[in-house]
Amino acid sequence: MAAVRGAFTNKLGFILAASGSAVGLGNIWKFPFEVGLGGGAAFVAMYMIFCFLLCFPVMVTEIAIGRKTQKNPVGAFTALGFKNWRFIGVFGVLAGVLILSYYNIIAGWAFGFFFEMVQGNFDVSNNFGVFTSDIVKVCIYAVIFMSFTGYFVGKGISGGIEKLSRILMPTLLLMIIGMVLYSLTLPNAFEGVKFYLIPDLSEINISIVGGALRQAFFSLSLGMGTLITYGSYLSKKDNIVSSAAYITLTDISIAFIAGLMIFPLVAFINQGDMSAVASDQAGPGLIFVTLPQAFATLGPTLGALVGGGFFLLLSFAALTSTVSLLEVPTAYVVDELGITRTKAVLFASIFIFIVGIPSMLGNGASEFFSNQFKITGSTDFLSFASKMTDTMLLFGGLCIVIFAAYVWKKENLNAELANGYEGYQHKGISKYLDFTISFVCPTILAILLVLVVLSNFFGINFF
Ligand code: PHE
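Read on for a plain summary of the structure.

A22, G26, Y103, F218 and S219 are the nearest of the 15 residues found near the ligand. G26 is positioned with one of its backbone polar atoms (N or O) 2.8 Å from an oxygen atom of the ligand. The separation between a nitrogen atom of the ligand and a polar main-chain atom of F218 is 2.8 Å. For the ligand, the protein covers 100% of the area, taking 330 Å² as the surface of the free molecule. The cavity that encloses the ligand is the largest cavity. Class assignment for the residues of the shell around the ligand results in six nonpolar, nine polar and no charged.

Following this line, the structure appears as structure tokens:
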């Protein structure tokens, strides 16, 4: 069975692939604009706390369920003997389908910006709305992107996903660090750093807390079974806890460094006035508007080179995430319906592309999909779908910890975690995980989920 399903060649391969899933547009596109809208450093602080306190334990749990059962997120619950809890997996597959449907559109924009940058068309940032409403262009990029994703998922675990992550992740990191160093040399850069790093705790309200929590789950690919699926390809000899720690740290670091790149640039472009990130440059357009202006300052040749390189690598980062998103429905269809991987990929990617059409039309091309989907702070279908799916991830994460702690039971979870981690039960980390998985995650996630739903969907804010 294991041989047929494929497996990661070793622990490093798993960590890189899972980090590849985690690191993507969530870190480089979403994190900076959410920080911008969330008022800066206070959001960053909340995000960090949530990653360690809530997300890391959920991640460990997901990987353990996957490895124990060697199944996709739906089959996993049945394999453990709890058929009634399969709904968590079904919900996860649905969330994955919806996320990929719009994620693919933004990945297509990033890929399109690669071509704009290499042609030296830095002005595209002044007309971002014109770019996103050019439906023919956007559609072509989205088709190309989905085809790449399908191609790599079709190649299977070690052939596709793993090899891709090994080369691209480190390259991306180096590129971003280079950009950080450059952005810090620009005039007014320090204003951006201040906005990003010095928290004003008086600013904290439910929209910041909820936003930071949603961002943490999305960025770490949690709550929909991606890590159940990837865990199912992990060997029994590998240490789940330390792998999860590496993945979490990698993801947080890259988001953090991406912020350190963007905010000095925003400060530079606006002569030190950071109010722009919460107004006209705010939202999903932030990196697409800010970065090309920074590349332009490098001059036509270097700008085209650096700008082109950046958006190409961003597209690669997005690709390792889209691959993980498509892997979930694919593994489900392969395991449960028994059809071949190639057919499953073809079916899933075409279906998801169709689901993504409203998101594609919702950024200017169609009046209806651009303006009729009201949710706090936006009216377009893509933002609506994104807030919906973020909330689904929180719900998924909550159900997964409750299931592991009280249905599957802690002893079984701990036994699985002890595979590949000798003496786990006697280590301090096992106490921390026991406590967070049994008490902290279920309570805090349940409370915040209710508050987030009330705030986002009903406009009711308690603080
Ligand atoms: N974590 C990915 C990113 O940050 C997105 C993602 C979410 C991937 C959920 C898989 C599952 O870009």
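A separate point is the packing of aromatic side chains. Here a ring pair, both rings aromatic, is described through the centre-centre distance and the interplanar angle of the planes. Evaluation of the coordinates by the stated rule reveals 41 aromatic pairs. Between Y103 and F218, the aromatic rings sit 6.2 Å apart at their centres with planes inclined by 40°, giving tilted as the arrangement. A residue pair is termed long-range when its members are at least 10 positions apart, and Y103 in helix 6 (residues 86–118) and F218 in helix 11 (residues 206–219) qualify at 115 residues. The side chain of K30 reaches across the aromatic face of F218, ending 4.8 Å from its centre.

Across the interface, helix 4 (residues 41–69) lies against helix 13 (residues 240–269) with an axial gap of 9 Å and an inter-helix angle of 145°. Judged by the sense of rotation from one axis to the other, the crossing of helix 4 with helix 13 is right-handed. Taking contact as the criterion, the partners of V44, Y47, M48, C51, F52, F56, M59, V60, I63, A64 and R67 in helix 4 are, on helix 13, I240, V241, A244, A245, I247, T248, L249, D251, I252, A255 and F256. Among the residues forming the contact of helix 4 with helix 13, the class breakdown is 19 nonpolar, one polar and two charged.

Turning our attention to the pattern of salt bridges. Side-chain pairs of opposite charge can arise whenever the charged atoms involved come near each other. One pass over the structure, following the stated rule, counts eight salt bridges. Residue E416 pairs with R67 through a salt bridge whose shortest N-O separation is 2.7 Å. Taken as a pair, E416 in helix 19 (residues 381–418) and R67 in helix 4 lie far apart in primary sequence, 349 residues in all. Between E116 and K137 there is a salt bridge, with the nearest N and O atoms lying 3.0 Å from each other. Taken together, the residues E116 in helix 6 and K137 in helix 8 (residues 135–154) connect sequence positions 21 residues apart. By relative accessible area, K137 is classed as partly exposed at 31%. Connected through shared salt-bridge partners, K30, E34, R214 and D390 make up one network.

Here we come to a nonpolar patch on the surface. A cluster of nonpolar side chains, contributed by I135, V136, I140, I144 and F148, occupies part of the molecular surface with about 390 Å² of accessible area. Here F148 lies in helix 8. Note on F148: relative accessible area 35%, which makes it partly exposed.

Its boundaries defined by the atoms lining it, the largest pocket holds a volume of some 710 Å³. Lining the largest pocket are 36 residues, with F33, L37, T376, G377 and K387 sitting closest to its centre. Sorting the residues of the lining of the largest pocket by element identifies helix 3 (25–37), helix 11, helix 19 and helix 20 (428–458) as the ones contributing at least two each. For the lining of the largest pocket, the element with the most residues is helix 11, which contributes six residues.

The next thing to look at is the nonpolar core. Core analysis: the biggest nonpolar cluster contains 159 residues, and F288, F310 and F311 have the highest contact counts within it. The leading source of residues in this core is helix 13, at 18 residues. If we ignore the near neighbours within four places in the chain, the residues touching F288 are W29, I106, W109, A110, F113, S125, F128 and F311.

Summed over the entire model, instances satisfying the criterion amount to two cavities of 30 Å³ or more. Each pocket or cavity is described by its volume, and for the largest cavity that value is around 130 Å³. Residue lining of the largest cavity: 14 residues in total, with S21, Y103, F218, S221 and L325 positioned closest to the centre. Mapped by element, the contributors of at least two residues to the lining of the largest cavity are helix 2 (11–22), helix 6, helix 11 and helix 15 (300–337). A class-by-class count of the residues in the lining of the largest cavity yields seven nonpolar, seven polar and no charged. Taken as a whole, the second largest cavity holds about 50 Å³ of empty space. Surrounding the second largest cavity, L168, M169, L172, L313, F316, A317 and T320 form its lining. For the lining of the second largest cavity, the secondary-structure elements that each account for two or more residues are helix 9 (157–184) and helix 15. Classifying every residue of the lining of the second largest cavity by side-chain character gives six nonpolar, one polar and no charged.

Attention now moves to unusual backbone geometry. Positive phi values are uncommon outside glycine, yet Q70 reaches one of about 55°. We note that N188 has phi near 70°; this positive angle belongs to a residue other than glycine. Note that N188 resides in the loop between helix 9 and helix 10 (189–197).

Structurally, L172 can be placed in helix 9. Each C-alpha atom, one on L172 and one on V334, is 32 Å from the other, the two residues being 162 residues apart in sequence. Sequence-distant contacts of L172, defined by excluding residues within four places in its chain, comprise V23, I28, L313, L314 and A317.

Quick notes on the rules
Residues numbered from 1 in each chain as written. Predicted model: local features only at pLDDT ≥ 70, side-chain atom pairs only at ≥ 80, totals over all residues. Heavy atoms only, no water. Near = heavy atom within 4 Å. Polar contact = N/O pair within 3.5 Å; in protein donor to acceptor, adjacent residues only side chain to side chain. Areas by Shrake-Rupley, 256 points an atom, 1.4 Å probe, with all protein chains shown as cover. 1 Å grid on protein atoms, 1.4 Å probe; cavity = no way out; pocket = protein on both sides within 12 Å on 5 of 7 lines; lining within 4 Å. Sits in = over half its atoms within 2 Å of the grid points. Nonpolar A, V, L, I, M, F, W, Y, C, P; charged D, E, K, R; others polar. Phe/Tyr/Trp six-rings, centres within 6.5 Å; stacked < 30°, edge-to-face > 60°. Helix = DSSP H or I, 4+ residues; strand = E, 2+ residues; numbered from the N terminus. Lys NZ or Arg CZ within 6 Å of the ring centre and 35° of its normal. Axes fitted to C-alpha atoms, helices over the stretch in contact; angles between N-to-C directions. Left-handed = near helix turned anticlockwise from the far one by under 90°. Contact = heavy atoms within 4.5 Å. Salt bridge = Lys/Arg side-chain N within 4 Å of Asp/Glu carboxyl O. Buried < 20%, exposed > 50% of the residue type's maximum accessible area, 1.4 Å probe, protein only. Patch = residues over 30% accessible without salt bridge, like charges linked within 9 Å, V, L, I, M, F, W, Y side chains within 5 Å. Points joined across faces, edges and corners; volume = space filled by probe spheres on them. Core = buried A, V, L, I, M, F, W, Y, C linked by side-chain atoms within 4.5 Å.

Keep in mind that these numbers describe shape and distance, not what the molecule does.
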